[in-house]
Amino acid sequence: MSEVKLGTYICRGCGIGDRLDTAALSVVAQKEGKAQLVREHDFLCSADGVATIRQSLEGGEVNQVVIAACSRRSKTEAFNFENVTVARANLREQVIWTQPDTPEARELTQEMAADYIRMACAEVKKMHVPAASANAGTNKRVLVVGGGVSGMTSALEAAKAGYEVLLVEKTGALGGWTAKLYKRIPFREPYADPVETPVHELIAAIGKEPRIKVFLNSTTTRTSGSPGQFSVDITAESGNTMTENVGAIVMASGFSLYDANKLPHLGYGKSPDVVDQAGLEALALKAAADGARIRRPSDGREVKNVVFVQCAGQRDASGEHLTYCSGYCCNASIKQAMYFKDANRDIDTNIIYTDLRTPGNGEDFYRSAQKKGVSFTKGRVKAVESAGGSLTVRFHDLILNDERATVTGVDLVVLATGQIPNSGMNIELKAEPEKADDGHGPSVEVPVPVPPKAASVLNLTYRQGPDLPQLKYGFTDSHFICFPYETRRSGIYATGPVRRPMDLVQAVEDATGAALKAIQAVENASLGRALHPRSGDLSFPSFRREGCTQCKRCTVECPFGAIDEDEQRYPVFNEGRCRRCGTCMGACPVRVISFENYSVDTVGAQIKAVDVPDEFSEKPRLLLLACENDAYPALDMAGMNRLQSSAFVRTIPVRCLGSVNTIWITDALNSGYDGVMLMGCKHGDDYQCHFVKGSELADYRMSKIDDTLKGLNLEPERVRTYEVAITDIARVPQLINDYAEKIKEIGMNPFKGF
Amino acid sequence: MTELNHKMVEQYRNDFLKEVEANVEEGDWVKMCMQCGVCSGSCPFGPDWEHPPQEIFMMIRAGKRDEVLRSESMWMCTSCYNCIVRCPRELPITHIMHGLANYAHRLGIAPKMNPTRRFAKIFWDNIAKNGRVNELDLSVKLYFMDGFKKGVKRAIEMSTVGLGMLKTGRLNPFGLVAHRGCKDKKGIQKMLKKARELEDRRRGLATRGA
Ligand code: SF4
Ligand code: SF4
Ligand code: SF4
Ligand code: SF4
């Protein structure tokens, strides 16, 4: 950009004019902020106020804008100017609304406002207008991996919306598990009887859809690229490989049943009359084909007495088997019991359960089974024994507390074994970790994928491994509540039971959502814009090659596998995969990574712009780096609720705590701040971090900063990290005040004035 | 009496649930219980029952015929209707409890000395005879059911209540010798006999019993 012409616009509305001396603020903007133009307005977000700004922009008087008014989260429509950098000084939510409206408080409130003006002026000067990535991928085809109900649904939904789809199925036919079912659990009123599966309908619909191309007996043997420009090798059983380009990928690789061979105490493998739920479906299909009743596998006699064992190898507290509940199998057993009762009411059907979990309308289905005479027994099955041509089920009756309850003369036992995801290879299983030692701080352990037990599904060529990262129990990582479809690989969406255990109804809904996400991805990618969660963001990280020490830290720490390496071990940023979190920027020890509008300098300049009073003023300065996704909105809302907090704090929003570079902390402490607070999202298995690993990495880095503090002869309390959720509205001011108290206790930073 | 019991055991073999469904008032609701335990938790007598309603239902399904029918539990029910109001599956629990008690009694296997059973029997005989309760006769029989000494003691304990009833005309002091009964005693008795016959036929029970 040519000459910098900074315009600062100070609003007097919303009580700002009453509480602050705006004329004095104008002087600060002019003298210290070096603004060429300063305007005050009674109502800046009004049409007239906005027009004032537009006029000076159009007249060329100004090419950088500071708006000193409300929070950057307010009035975003009004203060939206193209091709110009804008910084906001939050005088409303976080200055006047957090301070008491008393004559005594005026001085400190005014000082706060002046600092925020200095900070915004300093920030905007370091910002540049981001230009869309030049490497935008414009392919809008969707690849769907897996031809079960989830995959077929995603394919059909994307096709219906006008997108071309490639549907890859490993076996010789579409349909997946559902094709192996005799009937499905009812999904609409009156929820009373098993109904036909949707498989034939879906297959027929796919056959009629010209936008869908089906690859049977095929797998994806290589996947590279990024949203809008993936390149995928589809290899047929014959070995024939075709390379196709797609814009987004839906991974619907489904589930496998937990292996019942691991449950010999329940008789599996010992008697052919003990089957899992899939085994029973096969028997039911065969019976239907023969026009006969369901027969015992051992001798072909009609089944007269069947026992269903719920949670077989599931919800196992010992951890030997699955510890989770698959959620669908209670209803599935009820459905299967009805196969018998609907054919012959005299067949004894007994479902032995510990908790019958039939969510939603499953409750009606359960009641219907009771009406049909299916027996339900609350108990824990201990053993299934086979003797004299029939089976005996031994269980602990939990209602009658009878440890030695039995059902004898049983013809068939069905085990409800539950789903395990087909998520390919676990890329985070570590073999001998590679050490990345760069001489800057602690060494990083670079995870090296172990040779897979499970074959890879996607065979990604990413530096970080060939499949999607997993969270718990091998299901692909996604945030259960906030962004369930997002995996940690941009433009690749997991759907169906590979994501979490689910039934057909849920899978269809899930797959429809995944199709929509894929469409969003190809559309955003074609415009060179970020996908979730900074959707629409045009900025992307770049690095200064000359400064880079090839330490690999960014590559390793990027939560989304966006960074590969070139032959010389320099990082290669795949903008399409990048979520713009800035974690790489926070990681880089030599600070060569930056965004046009967010960098080590934009934040560093703000930190330095704050006026730090001397040691004897009794006016400490606290720096608060707040995650813009949760902590910053919580702070704003605390202001809206007029919850007061210390006037000594200066808050800077960051994209993610992961983007916090430790240089900011040491700079702040070196220049006399008395303490630094970092507020980010919860991390761990039930993380709330929008960038999955950002807050965790920040926490890790801060745990290492203690040494630096010791080196400076500073107390470790000078830096504190907090987990804050967007709902912690009452808590954040409390945290600030408690911390201010703490700092008062330990005293001022001895570095002031140096 | 136990002849009938034998007959039922033969007829239903292992399937006590079926027996209950066919012979106990509202018995076909038993299978609908989902074992939530709300009834047992709601029952003011819950802690005093050996087998509270939820457990009784489970025992029926588990085929524990003797334990259920010989139990004192369902005789504890005071018809407060708490359980019916709260049962998420809308089982008529109170009625089933009385139905079970009644069935056990008919089979002759209800606990002989259970006070509720004895009171019910005295009450029924009293009212069925005359078509109207004879309070004095009922009280005397009730107080003296455990022998003369206990009877006198109970009568003295209850004397203020008795006097109150006398004053308000709720107790005929000459009831033992001159109870009027209702107008058509014979008609009432015939009606009750017919009703019993109809019910027994419906249930396939032999026409006899208590
Ligand atoms: S759905 Fe039912 S059978 Fe399946 S794990 Fe959960 S509780 Fe057990
Ligand atoms: S760390 Fe974040 S900003 Fe950096 S490349 Fe990865 S996704 Fe993009
Ligand atoms: S409240 Fe109803 S459903 Fe629950 S245990 Fe009692 S009878 Fe069964
Ligand atoms: S009606 Fe009978 S069983 Fe039900 S809560 Fe009252 S006393 Fe208990």
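Residues numbered from 1 in each chain as written. Chains lettered and ligands numbered in written order. Predicted model: local features only at pLDDT ≥ 70, side-chain atom pairs only at ≥ 80, totals over all residues. Heavy atoms only, no water.

A. Spatial organisation of the site of ligand 3. Among the 13 residues in the neighbourhood of ligand 3, the closest are listed as B:Cys33, B:Cys36, B:Gly37, B:Cys39 and B:Cys87. Each residue belonging to the shell around ligand 3 can be placed in one class, and the counts come to 10 nonpolar, three polar and no charged. (Near = heavy atom within 4 Å. Nonpolar A, V, L, I, M, F, W, Y, C, P; charged D, E, K, R; others polar.)

B. Here's a closer look at the interface of chain A and chain B. If you look at the interface, chain A gives 15 residues, while chain B gives 14 residues. Interface area for chain A against chain B, summed over the two sides, is near 1200 Å², with a carbon-plus-sulfur share of 55%. Looking at the side of chain A facing chain B, the largest losses of area belong to A:Gln370, A:Ile399 and A:Leu400, adding up to 48% of the total buried there. Remark: the boundary between chain A and chain B carries two salt bridges. (Contact = heavy atoms within 4.5 Å. Buried area = accessible area lost by both parts, 1.4 Å probe. Salt bridge = Lys/Arg side-chain N within 4 Å of Asp/Glu carboxyl O.)

C. Local environment of helix α7 (residues 93-107) of chain B. Residues and elements named next belong to chain B. Here α7 contains 15 residues, and its C-alpha end-to-end distance of 21 Å stays within 8% of the 21 Å for a straight helix at 1.5 Å per residue. With 12 of 15 residues buried, α7 is to be regarded as a mostly interior element. Every buried residue of α7 is accounted for by Ile-93, Thr-94, Ile-96, Met-97, Gly-99, Leu-100, Ala-101, Tyr-103, Ala-104, His-105, Arg-106 and Leu-107. At the C-terminal side of α7, Gly-108 shows a positive phi close to 80°. (Helix = DSSP H or I, 4+ residues; strand = E, 2+ residues; numbered from the N terminus. Expected span 1.5 Å × (residues − 1). Buried < 20%, exposed > 50% of the residue type's maximum accessible area, 1.4 Å probe, protein only.)

D. A look at the pattern of salt bridges. Residues and elements named next belong to chain A. If you walk through the whole model with that rule in mind, you get 65 salt bridges over all chains. The shortest N-O distance in the salt bridge between Arg-488 and Glu-428 comes to 3.2 Å. One end of the pair, Arg-488, is in the loop between β22 (444-446) and β23 (492-494); the other, Glu-428, is in the loop between β20 (419-421) and β21 (434-436), with 60 residues separating them in the sequence. Overall, Arg-488 belongs to the buried group, its relative accessible area being 6%.

E. Examining the pairing of strand β30 (residues 675-680) of chain A more closely. Residue and element names in this part refer to chain A. Burial of β30 is extensive: six of the six residues sit out of reach of the surface. For strand β28 (residues 622-627) and β30, the ladder comprises five bridges, and the chain directions are parallel. Across the sheet, residue Leu-624 finds its bridge partner in β30, namely Met-677. Here β30 pairs with strand β31 (residues 719-723) via five bridges, running parallel. Bridging from a neighbouring strand, Gly-680 pairs with Glu-723 of β31. Taken together, β30, helix α17 (residues 694-711) and β31 form a β-α-β motif whose crossover is right-handed. (Pairing = 2+ DSSP bridges. Right-handed = clockwise from strand over helix to strand, strands pointing away.)

F. Summary view of the confidence of the model for chain B. For chain B, per-residue confidence averages 88 on the pLDDT scale, and 97% of positions sit at 70 or higher. For this predicted complex, the interface confidence score (ipTM) comes to 0.79, while the overall pTM stands at 0.85. (pLDDT = per-residue confidence, 0-100.)

G. Examining the site of ligand 4 more closely. Around ligand 4 sit B:Cys43, B:Pro44, B:Trp49, B:Cys77, B:Thr78, B:Ser79, B:Cys80, B:Tyr81, B:Asn82, B:Cys83 and B:Thr94, and those are all the residues in its vicinity. Of the residues in the shell around ligand 4, the class split is seven nonpolar, four polar and no charged.

H. Structural detail: the nonpolar core. Among the nonpolar cores identified, the biggest contains 94 residues, and A:Leu91, A:Leu625, A:Trp664, A:Ile665 and A:Met679 are the most heavily contacted of them. Looking at this core, the element that brings in the most residues is helix α5 (residues 106-126) of chain A, giving nine residues. Apart from residues no more than four positions distant in its own chain, A:Met679 is found in contact with A:Leu624, A:Leu625, A:Ala626, A:Cys627, A:Ala631, A:Leu657, A:Tyr722, A:Val724, A:Val732, A:Leu735 and A:Ile736. B:Val24, B:Leu100, B:Leu107 and B:Ala110 belong to the second largest nonpolar core, which has 38 residues in total. (Core = buried A, V, L, I, M, F, W, Y, C linked by side-chain atoms within 4.5 Å.)

I. Local environment of the domain arrangement of chain B. All names here are of chain B. Domain assignment breaks chain B into domain 1 (3-107) and domain 2 (115-203). Placing a centre on the C-alpha atoms of domain 1 and another on those of domain 2 gives a separation of 28 Å. Contact residues are listed per partner, giving seven residues for domain 1 and six residues for domain 2. It is Trp-75, His-105 and Arg-106 in domain 1 that bury the most area against domain 2; as a group they hold 65% of the surface buried on that side. Linking domain 1 to domain 2 there are one salt bridge. Arg-106 is paired through a salt bridge with Asp-200; the nearest N and O atoms lie 3.0 Å apart. Taken together, the elements giving at least two residues each to the side of domain 1 that touches domain 2 come down to α2 (16-23) and α7. Here the side of domain 1 that touches domain 2 is composed, by residue class, of three nonpolar, two polar and two charged. (Domains from an automatic or database assignment.)

J. Spotlight on the sheet that holds β30(A). Residue and element names in this part refer to chain A. With parallel pairing, four strands are arranged side by side in an open sheet as β29-β28-β30-β31. At either margin of the open sheet sits one strand with a lone partner, and together these are β29 (649-654) and β31. Pairwise comparison of adjacent strand axes, ignoring direction, gives a mean angle of 20° for this sheet. Taken strand by strand, helix α18 (residues 731-746) contacts β28, β29, β30 and β31, and its axis lies near 160° from that of β30. (Axes fitted to C-alpha atoms, helices over the stretch in contact; angles between N-to-C directions.)

K. Expanded view of the sheet that holds strand β1 (residues 6-11) of chain A. All names here are of chain A. Spatially, β2-β1-β3-β4 is the arrangement adopted by the four strands of the open sheet, whose pairing is parallel. Every interior strand has two partners, whereas the edge strands, β2 (37-41) and β4 (85-90), have only one. Neighbour-to-neighbour, the strand axes of the sheet open up by a mean angle of 15°, direction not taken into account.

L. Structural detail: helix α2 (residues 22-31) of chain A. All names here are of chain A. Taken as a whole, α2 has its buried residues at Thr-22, Leu-25, Ser-26, Val-28 and Ala-29. Down the axis of α2, the buried set is contained in an arc of 160°. They therefore lie on one face. Structurally, the start of α2 carries an N-cap: the backbone nitrogen of Ala-23 is 3.2 Å from a side-chain oxygen of Asp-21. (Arc of directions from axis to C-beta. Polar contact = N/O pair within 3.5 Å; in protein donor to acceptor, adjacent residues only side chain to side chain.)

M. Summary view of the pairing of strand β5 (residues 142-145) of chain A. Residues and elements named next belong to chain A. The two faces of β5 match: Val-142 and Val-144 on one face and Leu-143 and Val-145 on the other face are all buried. As defined by bridge partners, β5 adjoins strand β6 (residues 165-168) across four bridges and the pair is classed as parallel. Bridge pairing links Val-142 to Val-165 in β6. Following the chain from β5 across helix α6 (residues 149-160) to the adjacent parallel β6, one finds a crossover that is right-handed.

N. Examining the side chain of A:Asn661 more closely. Residues and elements named next belong to chain A. With respect to the secondary-structure elements, Asn-661 resides in the loop between β29 and α16 (662-670). Residue class for Asn-661 comes out buried when judged on its relative accessible area of 3%. A polar atom in the side chain of Asn-661 sits 3.2 Å from the backbone oxygen of Cys-588. Setting aside its immediate chain neighbours within four residues, Asn-661 contacts Met-585, Gly-586, Cys-588, Arg-591 and Val-600.

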